[in-house]
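If you want the building blocks of each chain, they are given just below.
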Amino acid sequence: MIDPRAEQFLSYKTGLKRELHLPVWLNVMYVHVAFACIAMASGLLNFSNRLLEKKRNLHRMNGYVYVLSVFLVVLTSGYMVPYATGGKLSSMGFNELNIIWPLITITALVHIRKKRIVRHRNWMIRSYAFCFTNLAIHLLTFVGQQGFGLDYVTSYTCGVYGSIVLLLLIPELIIRASSAPKDAQRRFRNL
Ligand code: HEM
């Protein structure tokens, strides 16, 4: 919203190997952001125990909205990857994200299809963490620039890899720290 045409962000893209068609890139980016927001909202809603207990069908439908949104974020990401700020190194990081996120999400889906509720919940926590990819990248880019005096492109590339590590690590800490698995087992035994 602050920079709808991403002018500042695009100004760091120098020496691109492929020509960037700005109107196409911008429209793909809008779709990317729109589905990223839907994934964030629908994912958050589905962590509500009340919703799961009272409206299981809504939880299920909303879950499929989340999965679809994840795939559309990844699909649009696939288009933007070759033009990533930081060149090939950043692109490789984004490609890893494009593989990891859907795999984790599908794992969560497979667990619930087999009625493994606690595992489903834990894998959904792991999946949902990736909704914060953009936030983590920009936060780490900021730290790299302000804290370590790195230039924008280097900080951004470090941000891409740093975010992968952070977004894999933080959910593990949340899963370990939360006593919810036992709770959930008890609470959902009869579902
Ligand atoms: C779910 C939350 C996400 C949001 C809100 C989001 C938002 C954005 C935005 C606003 C941009 C435009 C550039 C910028 O200002 O950063 C962008 C670029 C991009 N995003 Fe996402 N994104 C999300 C998740 C992801 C994920 C999970 C991936 C990879 C699987 C991804 C891959 C990309 C790529 C490849 C670009 C282009 C980067 C570049 O040109 O350097 N995004 N995203």
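Naming follows an unreviewed UniProt entry, where the chain appears as DUF2306 domain-containing protein of Paenibacillus oceani.

(A) Local environment of the UniProt feature "transmembrane region" (unreviewed entry) in the chain. According to UniProt, the feature "transmembrane region" (unreviewed entry) maps to residues 24–45, 65–85, 97–113, 125–148 and 160–179 in the numbering used here. For residues 24–45, the end-to-end C-alpha separation is 32 Å, with 100% helix and 0% strand making up the annotated structure. Annotated as residues 97–113, this span is 100% helix and 0% strand, and its ends, taken at the C-alpha atoms, are 24 Å apart.

(B) Main features of the environment of Pro4. Within the secondary structure, Pro4 sits in the segment before helix 1 (7–11). The sequence separation of Pro4 and Met80 amounts to 76 residues, and the corresponding C-alpha distance is 16 Å.

(C) Focus on unusual backbone geometry. Although it is not a glycine, Ala6 adopts a positive phi angle of roughly 50 degrees. Classification of Ala6 as partly exposed rests on a count of 16 C-beta atoms within 10 Å. Positive phi is not limited to glycine here, since Lys115 has a value of about 65 degrees. In this structure, Lys115 sits in the loop between helix 5 (87–113) and helix 6 (117–129). Judged by the 10 C-beta atoms lying within 10 Å of it, Lys115 falls in the exposed class.

(D) Expanded view of the site of the ligand. Around the ligand, a shell composed of 24 residues is seen, among which Ala36, Ser77, Thr85, Leu97 and Asn134 lie nearest. Those elements giving two or more residues to the shell around the ligand turn out to be helix 2 (22–46), helix 4 (56–80), helix 5 and helix 7 (133–148). Partitioned by chemical class, the residues of the shell around the ligand number 17 nonpolar, 7 polar and no charged.

(E) How the structure looks around the nonpolar core. Ala39, Val70, Val73 and Trp101 are the most contacted members of the largest nonpolar core, which has 28 residues in total. Counting residues per element, the ones that place at least two in this core are helix 2, helix 4, helix 5, helix 6, helix 7 and helix 8 (152–177). When sequence neighbours within four positions are dropped, the list of residues in contact with Val70 reads Ala39, Trp101, Pro102 and Thr105.

(F) Seen up close, the confidence of the model for the chain. When pLDDT is averaged along the chain, the result is 92; 93% of the residues meet or exceed 70. Across the chain, the secondary-structure element scoring lowest on mean pLDDT is helix 9 (residues 180–187), at 58, and the one scoring highest is helix 7, at 98.

Procedures and definitions
Residues numbered from 1 in each chain as written. Predicted model: local features only at pLDDT ≥ 70, side-chain atom pairs only at ≥ 80, totals over all residues. UniProt positions renumbered as here; feature names shortened; annotations may be inferred. Helix = DSSP H or I, 4+ residues; strand = E, 2+ residues; numbered from the N terminus. Buried ≥ 20, exposed ≤ 12 C-beta atoms within 10 Å, placed from the backbone. Near = placed C-beta within 6 Å. Nonpolar A, V, L, I, M, F, W, Y, C, P; charged D, E, K, R; others polar. Core = buried A, V, L, I, M, F, W, Y, C linked by C-beta atoms within 7 Å. Contact = placed C-beta atoms within 7 Å. pLDDT = per-residue confidence, 0-100.

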